[in-house]
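One letter stands for each residue in the lines below.
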Amino acid sequence: MILDYINKAKNNNEKLLAILLDPDKINLDQLPLVIKKINDSDANLIFVGGSLLFKNILDNFIKTIKKYSDLPVVLFPGSAIQISNEADAILFLQLISGRNPEYLISNQIIAAPLLKQTNLEVISTSYLLVESGRETTVSYISNTKPLPAHKPEIAMATALAGQYIGHQLIYLDGGSGALNPVSLEMISKVAKVVDLPIIVGGGLKSKEQINKVYNAGATIVVVGTAFENDTELLNNI
Ligand code: 1GP
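Everything quoted here is computed from the prediction, not taken from an experiment.

Thresholds, definitions, all that
Residues numbered from 1 in each chain as written. Predicted model: local features only at pLDDT ≥ 70, side-chain atom pairs only at ≥ 80, totals over all residues. Heavy atoms only, no water. Axes fitted to C-alpha atoms, helices over the stretch in contact; angles between N-to-C directions. Helix = DSSP H or I, 4+ residues; strand = E, 2+ residues; numbered from the N terminus. Left-handed = near helix turned anticlockwise from the far one by under 90°. Contact = heavy atoms within 4.5 Å. Nonpolar A, V, L, I, M, F, W, Y, C, P; charged D, E, K, R; others polar. Buried < 20%, exposed > 50% of the residue type's maximum accessible area, 1.4 Å probe, protein only. Pairing = 2+ DSSP bridges. Parallel < 35°, antiparallel > 145°, perpendicular 65-115°, else oblique. Phe/Tyr/Trp six-rings, centres within 6.5 Å; stacked < 30°, edge-to-face > 60°. Near = heavy atom within 4 Å. Polar contact = N/O pair within 3.5 Å; in protein donor to acceptor, adjacent residues only side chain to side chain. Areas by Shrake-Rupley, 256 points an atom, 1.4 Å probe, with all protein chains shown as cover. Core = buried A, V, L, I, M, F, W, Y, C linked by side-chain atoms within 4.5 Å. Salt bridge = Lys/Arg side-chain N within 4 Å of Asp/Glu carboxyl O.

### Section: the packing of helix α6 (residues 152-165) against helix α7 (residues 184-193)
For the pair α6 and α7, the least separation of the axes is 9 Å and the interaxial angle reads 35°. Crossing handedness for the pair α6 and α7: right-handed. Where α6 approaches α7, its residues Pro152, Ala155, Met156, Ala159 and Leu160 are matched on the opposing element by Glu185, Met186, Lys189, Val190 and Val193. Split into classes, the residues belonging to the contact of α6 with α7 amount to eight nonpolar, no polar and two charged.

### Quick word on the pairing of strand β1 (residues 16-21)
Among the six residues that make up β1, six are buried, leaving the element largely enclosed by the rest of the structure. Direction of pairing for β1 relative to strand β8 (residues 220-223): parallel, over a ladder of four bridges. By the bridge assignment, Ala18 is partnered in β8 with Val222.

### Topic: the packing of helix α2 (residues 31-40) against helix α3 (residues 58-68)
Orientation of α2 relative to α3, taken along the N-to-C sense of each, is 50°, at an axis distance of 9 Å. Classified by the interaxial angle, the pair formed by α2 and α3 is oblique. In terms of crossing hand, the pair formed by α2 and α3 is right-handed. Residues Leu31, Pro32, Ile35 and Asn39 of α2 lie in contact with α3, whose contacting residues are Phe61, Thr64, Ile65 and Tyr68.

### Details of the packing of aromatic side chains
In the structure shown here, the tally under the stated rule is four aromatic pairs. Seen from their ring centres, Phe76 and Tyr127 are 5.9 Å apart, and the 55° between their planes marks the pair as tilted. One end of the pair, Phe76, is in the loop between β3 (73-75) and β4 (89-95); the other, Tyr127, is in strand β5 (residues 121-129), with 51 residues separating them in the sequence. Note on accessibility: Phe76 and Tyr127 belong to one class, buried. Judged by centre distance (5.3 Å) and plane angle (70°), the rings of Tyr127 and Tyr171 are edge-to-face. Residue Tyr127 is located in strand β5, and its partner Tyr171 is located in strand β6 (residues 169-173); the two are separated by 44 residues in the primary sequence. Look at Tyr127 and you get buried, because its relative accessible area is 5%. Judged by its relative accessible area of 1%, Tyr171 falls in the buried class.

### A look at the site of the ligand
Near the ligand you find 13 residues, and of these Asp173, Ser176, Gly177, Gly203 and Thr225 are the closest. Separating an oxygen atom of the ligand from a side-chain N or O atom of Tyr171 is a distance of 3.0 Å. In isolation the ligand offers 310 Å² of accessible surface; the protein chains occlude 97% of this area. The class makeup of the residues in the shell around the ligand is four nonpolar, eight polar and one charged.

### Thoughts on the nonpolar core
Core analysis: the biggest nonpolar cluster contains 54 residues, and Leu21 and Ile38 have the highest contact counts within it. Those residues in contact with Ile38 that lie beyond four places of it in its chain are Ile19, Leu21, Ala43, Ile46, Leu71 and Phe227.

### What about the pattern of salt bridges?
Applying the stated criterion across every chain yields a total of five salt bridges. Here Asp40 ties to Lys36 by a salt bridge, and the two come within 3.0 Å at their closest N and O atoms. Taken as a pair, Asp40 and Lys36 lie in helix α2 at a separation of four residues, close to a single helical turn. Where Glu185 meets Lys189, a salt bridge forms, and the shortest distance between an N and an O atom there is 2.9 Å. Of this pair, Glu185 and Lys189 both sit in helix α7, separated by four residues, roughly a single helical turn. The exposure class assigned to Glu185 is partly exposed, which follows from its relative accessible area of 44%.

Here you go:
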């Protein structure tokens with residue numbers, strides 16, 4: 001089970017790296033080569049998702065990943081339509097930094113009966129979108145205001161609420177292509193207040209940055225854009 005794997009990593013103070021693949025940004029015919037790069041990197045997990053999906057290829061995209069890699073594939077959905085039984089697990093996200101009921105409960109109600117028909121491991125996840133220097137696609141599409149970057153105490157209270165609600169993971173995200181990643185201060189303060197494994201992503205571009213994020217308390221770092229730009233980046237993290 002993937003959640004067990006993540007919890008074990010947290011308990012043993014091991015760090016996990018997830019590469020985020022957006023089906024809109026990678027063509028199916030390029031995918032085998034991209035997967036080979038991922039297999040050669042330090043990645044432990046492959047996340048698949050995006051705020052929008054221009055191409056209706058999710059099943060084939062994940063089938064192709066599975067053909068070339070043994071790494072677990074976890075859906076990181078932008079909405080209830082991004083479900084595929086080809087993956088191993090899905091982050092069942094609640095966008096709790098925002099106040100839009102569509103992303104707090106409506107998408108979840110639409111997704112629930114569909115998920116019941118799959119074998120996916122459903123991992124309930126607090127999703128906190130953090131302000132990162134310019135408007136991100138997630139903020140625009142979800143019609144939610146991100147959490148202020150300089151207010152770690154709001155992030156702490158929000159993450160703690162997610163834990164008490166019963167979520168299993170906390171995801172602190174600056175949004176894809178964030179100008180400024182989530183601050184180390186915010187990560188470490190959230191890590192001190194919650195017991196759950198913390199995922200951090202958005203705008204991470206270098207090994208140094210990634211290692212600092214781990215040291216601040218993240219169990220999983222997610223890299224999307226920087227890997228798309230340089231597939232060698234994630235060797236020897
Ligand atoms: C976005 O956390 C992910 O939701 C990854 O962001 O594409 O900036 O790496 P990047």
